[in-house]
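Below, each chain spelled out in residue letters.
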Amino acid sequence: MLSKKTFLSALFSFIWIPIFAQVERIEPKNWWVGMKDQSLQLMVYGDKVGETTPSVNYAGVTIKKVHRAESKNYLFIDLIISSSAKPATFPITFKKEGKTIFTQSYSLLPRKKNTAQLKGFTPADVIYLITPDRFANGDTANDVISSLREKKIDRKNDYGRHGGDIRGIINNLDYIAAMGYTAIWPTPMLENDMPNSSYHGYAITDYYKVDPRYGTLAEYKELADKARQKGLKLIFDGVVNHSGSFYWWMKDLPFRNWINYPDSIQITNHRRTVNQDPYASTADKELMVKGWFVRQMPDLNQQNPFLSAFLIQNSIWWIETLELNGIRQDTYPYSEKKFLEQWTCKIMNEYPAFSIVGEEWSTNPSIAAYWQQGKLNNSGYNGCLKSTMDFPMQATLVQALTETEAWDKGLVKLYEGLANDFVYANPENLLVFGDNHDMDRLFTFLKKDVDLMQMALSYLLTIRGIPQIYYGTEVLLENSAKPGDHGLIRSDFPGGWKEDGTNGFTGAGLTREQLRIQSFLRKLLNWRKNKTVIHQGNTKHFGPAKGVYVYFRYNKSETVMVVMNKNTGVTMLDTNRFTEMINGKSQATDVVSGNTFSFGNEISVPAKSVLILELK
Ligand code: CA
């Protein structure tokens, strides 16, 4: 009796169709005709594919060089794709000793119109930061994926999966746009096939795959398209420093040095100052950049040129596929400096109007400033990073508002903090924020004081920079029960789950205080949208006095006066000090209340409040 296998091979030999196996993977998954950089390096993975010789017979596509890896199961192919190549799917043939072992089809797509001009985020935007697992569950069918290692959702577990997804974001784009945000930054949505705590997305196990618990690539594209239609830019959260320990290639690395410390894990020392410190030891520098972020996240060795090319092309693939507006790059100072230069500059060369913001978690402005394009550094780094995160100002803002011993003392910190802008090449492009997914909620930092919350948000939305607001800030999400607890910091947006009793999207069941902050934010965000005086205007501020800090944003046609009053009583502000800015104007419109009033030598400022006044 014929075995099934013999029977099939007999059948195939009878009908005489040569069947060649396909390789397991070829990445990038596809490419485009008409990119500025015509070179492309394919990473091919398949059983002993490294012992074969690839060939391409397609007009406009040539193989420039073939590289073999240490593992026989990889091949790296350098292609040149001329602008005359026709977008189509063509075969790549892999032969050994004259015999074809694999044929693999590869697709070149036509480049969409205008992708070379993709517009980045700018100071005219306000970014809504979303933790997708915790925002809204739009599709319960994808809550549990049996083929993945973490097999359940559990909303009672702060570190478990809660079921939020891309569909949940799509369903609420109207809410986000109506609030007045102009960009969304979801934390990473690529596959994190880790055994537990994978909800945060920073342990990627496949750089080319959307995590099925968030949805499909088609849904990610739908999110990008629908967001664009509603005037919302899309920012991608990139992670190139490390991957997840369950990444598919960990079982069979192309090169031993694909990751750092492949045999004996060393954890990074997190000594982020070594990147700037003229006295830093080699040992400290090496461990900072090469050490693993945590045990579950192997550190990628970007000195390996094949890995470097892989990561750069992967970022470009996502930009081109989703028509992104920006990338937020995780753990920026933990990567190799030379790689960061190449990664940022190659992206910006392909997309000159694009934006990238790097996460440098330092409260020292000199260190944050180091990474920004245009900053003159003595040595070591000259990348094309437009934006860095203003962690210094985040810390200062919280200190300034919560300082209770002397009101002025706190406000002076804010005043002096802004004075540090002289160290930045471009302070307008700093990302300003009160909190994010890695630190206590702003409302928790501010000891659940709604007045202080309103002051902090007013500051973030009127000062220079690109504001970023964390989802749920508008309904006062907080984590006071467990300060520092990441799972709780990323708690569920009320109304994102159909069983929720309160609904932040509709307002149903919200407290008076939640509604107050939500409507305040909606008003201020929508006002800010068209205010070039805030986006591009100049700034001038006056030293805090008697518990009040005053700053102006101004251009040729507009003047906005912001008065921050920390006093617990109504304060009469003497306007004579500000003559150089007020310059004869005598009418003020309160942006939040809409009231217009005349003023002379004094303005009455309510207790513990901010006035945002348009002067005429
Ligand atoms: Ca779901």
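Quick caveat: nothing in here was measured; it's all calculated off a predicted structure.

Participant: Explain the sheet that holds strand 16 (residues 387-388) here, please?
Facilitator: In a beta sheet, neighbouring strands pair by backbone hydrogen bonds and run either parallel or antiparallel. Taken in spatial order, the 8 strands make up an open sheet running 16-15-14-13-10-9-18-17, and their pairing is parallel. The sheet terminates laterally at strand 16 and strand 17 (431-433), the two strands that pair on one side only. Here 2 bridges tie strand 15 (residues 355-358) to strand 16, and the two strands are oriented parallel to one another. By the bridge assignment for strand 16, valine 357 is matched with serine 387.

Participant: Where do I start with the pairing of strand 23 (residues 587-590) in this structure?
Facilitator: Only one face of strand 23 is buried: it carries Ala588 and Asp590, and the other face, with Gln587 and Thr589, is open. What sits between the antiparallel neighbours strand 23 and strand 24 (residues 596-598) is a turn of 5 residues, in which glycine 594 has the positive phi angle 85°.

Participant: So what exactly am I meant to see when it comes to the state of the cysteines here?
Facilitator: Scanning the model with the defined rule gives 1 disulfide in all. One disulfide in the model links cysteine 345 with cysteine 384; its S-S distance is 2.0 Å. Between cysteine 345 and cysteine 384, the disulfide has an S-S torsion of 90° and is therefore right-handed. In this pair, cysteine 345 is assigned in helix 7 (residues 337-350) and cysteine 384 in the loop between helix 8 (365-370) and strand 16, connecting sequence segments 39 residues apart. We classify cysteine 345 as partly exposed; its relative accessible area is 25%. Since its relative accessible area comes to 12%, cysteine 384 is described here as buried.

Participant: How should the sheet that holds strand 2 (residues 31-33) be read in this particular structure?
Facilitator: Spatially, 4 strands are ordered 2-8-7-4 in an open sheet, and the strand pairing comes out mixed. In this open sheet, the two strands that pair with only one neighbour each are strand 2 and strand 4 (53-56). Averaged over all pairs of adjacent strands, the angle between strand axes in this sheet comes to 40°, irrespective of strand direction. One ladder, built from 3 bridges, connects strand 2 with strand 8 (residues 99-110); its direction is parallel. Bridging from a neighbouring strand, tryptophan 32 pairs with leucine 109 of strand 8.

Participant: Can you help me understand the coordination of the calcium ion in this one?
Facilitator: Protein ligation of the calcium ion involves Asn137 (OD1), Asp139 (O), Asn142 (OD1), Asp143 (OD), Gly163 (O) and Asp165 (OD), the donor distances falling in the range 2.3 to 2.5 Å. Each of the 6 donor atoms around the calcium ion contributes to a set of angles spanning 64 to 162°, which defines the coordination as irregular. The sequence motif formed by the donor residues of the calcium ion is N-x1-D-x2-N-D-x19-G-x1-D. Of the two residues, aspartate 143 sits in the loop between strand 9 (127-130) and helix 2 (166-171) while aspartate 165 sits in the loop between strand 9 and helix 2, which places them 22 residues apart along the sequence. Each member of the pair, aspartate 143 together with aspartate 165, is buried.

Participant: Would you mind going over the confidence of the model for the protein with me for this structure?
Facilitator: Do not read the fine detail of predicted coordinates wherever pLDDT is low. Taken over all residues, the pLDDT of the protein has a mean of 95, while the share at 70 or more is 97%. Predicted confidence is poor over residues 10-17, with pLDDT under 50, and the contacts of this stretch with residues over four places away or in other chains come to 2 contacts.

Participant: Could you clarify how one ought to interpret helix 7 in this entry?
Facilitator: Structurally, the α-helix is built with 3.6 residues per turn, so residues lying three or four positions apart point the same way. If you check helix 7, its first and last C-alpha atoms are 20 Å apart, about what 14 residues at 1.5 Å a residue would give, namely 20 Å. When helix 7 is considered as a whole, its buried residues turn out to be Phe339, Leu340, Glu341, Trp343, Thr344, Ile347, Met348 and Glu350. Looking at the buried side of helix 7, the elements it contacts are helix 6 (305-322), strand 14 (326-329) and strand 15.

Participant: Looking at this model, I keep getting lost on the pattern of salt bridges. Mind explaining?
Facilitator: Pairing between side chains of opposite charge can happen when their charged atoms approach one another. Within this structure, the stated rule accounts for 39 salt bridges. Residues glutamate 499 and arginine 155 are paired through a salt bridge, measuring 3.1 Å at the closest nitrogen-oxygen approach. Residue glutamate 499 is located in the loop between helix 13 (486-489) and helix 14 (512-529), and its partner arginine 155 is located in the loop between strand 9 and helix 2; the two are separated by 344 residues in the primary sequence. Looking at glutamate 499, the relative accessible area reads 54%, which means it is exposed. Arginine 155 sits in the partly exposed class, given a relative accessible area of 27%.

Participant: Where do I start with the packing of aromatic side chains in this structure?
Facilitator: Aromatic ring pairs are described here by two measures, namely the spacing of the ring centres and the angle between the planes. Within this structure, the stated rule accounts for 52 aromatic pairs. Measuring from ring centre to ring centre gives 6.4 Å for tyrosine 220 and phenylalanine 236, while their planes differ by 20°; the resulting arrangement is stacked. Taken together, the positions of tyrosine 220 in helix 4 (residues 217-229) and phenylalanine 236 in strand 13 (residues 233-238) put the pair 16 residues apart, joining distant regions of the chain. Of the residues examined, tyrosine 220 reaches a relative accessible area of 1% and is grouped as buried. Over the face of the ring belonging to tyrosine 199 we find arginine 134, whose NZ or CZ atom lies 4.0 Å from the ring centre.

Participant: Sorry if this is basic, but what is going on with the packing of helix 12 (residues 450-462) against helix 14 here?
Facilitator: For any two helices packed against each other, one specifies the crossing angle of their axes together with the interaxial distance. Direction vectors running N to C along helix 12 and helix 14 enclose 15°, while the axes themselves pass 11 Å from each other. In terms of axis orientation, helix 12 runs roughly parallel to helix 14. Crossing of helix 12 against helix 14: the hand is right-handed. Each of Val450, Asp451, Met453, Gln454, Leu457, Ser458, Leu461 and Thr462 in helix 12 lies in contact with helix 14, whose residues at this interface are Glu513, Arg516, Ile517, Phe520, Leu521, Leu524, Leu525, Trp527 and Arg528.

How each quantity is defined
- Residues numbered from 1 in each chain as written.
- Predicted model: local features only at pLDDT ≥ 70, side-chain atom pairs only at ≥ 80, totals over all residues.
- Heavy atoms only, no water.
- Pairing = 2+ DSSP bridges.
- Helix = DSSP H or I, 4+ residues; strand = E, 2+ residues; numbered from the N terminus.
- Buried < 20%, exposed > 50% of the residue type's maximum accessible area, 1.4 Å probe, protein only.
- Disulfide = S-S within 2.5 Å.
- Axes fitted to C-alpha atoms, helices over the stretch in contact; angles between N-to-C directions.
- Donors = N, O, S within 2.8 Å, 3.2 Å for Na, K, Ca; no water.
- Tetrahedral: all angles 85-135°; square planar, octahedral: opposite > 155°, others 65-115°.
- pLDDT = per-residue confidence, 0-100.
- Contact = heavy atoms within 4.5 Å.
- Expected span 1.5 Å × (residues − 1).
- Salt bridge = Lys/Arg side-chain N within 4 Å of Asp/Glu carboxyl O.
- Phe/Tyr/Trp six-rings, centres within 6.5 Å; stacked < 30°, edge-to-face > 60°.
- Lys NZ or Arg CZ within 6 Å of the ring centre and 35° of its normal.
- Parallel < 35°, antiparallel > 145°, perpendicular 65-115°, else oblique.
- Left-handed = near helix turned anticlockwise from the far one by under 90°.

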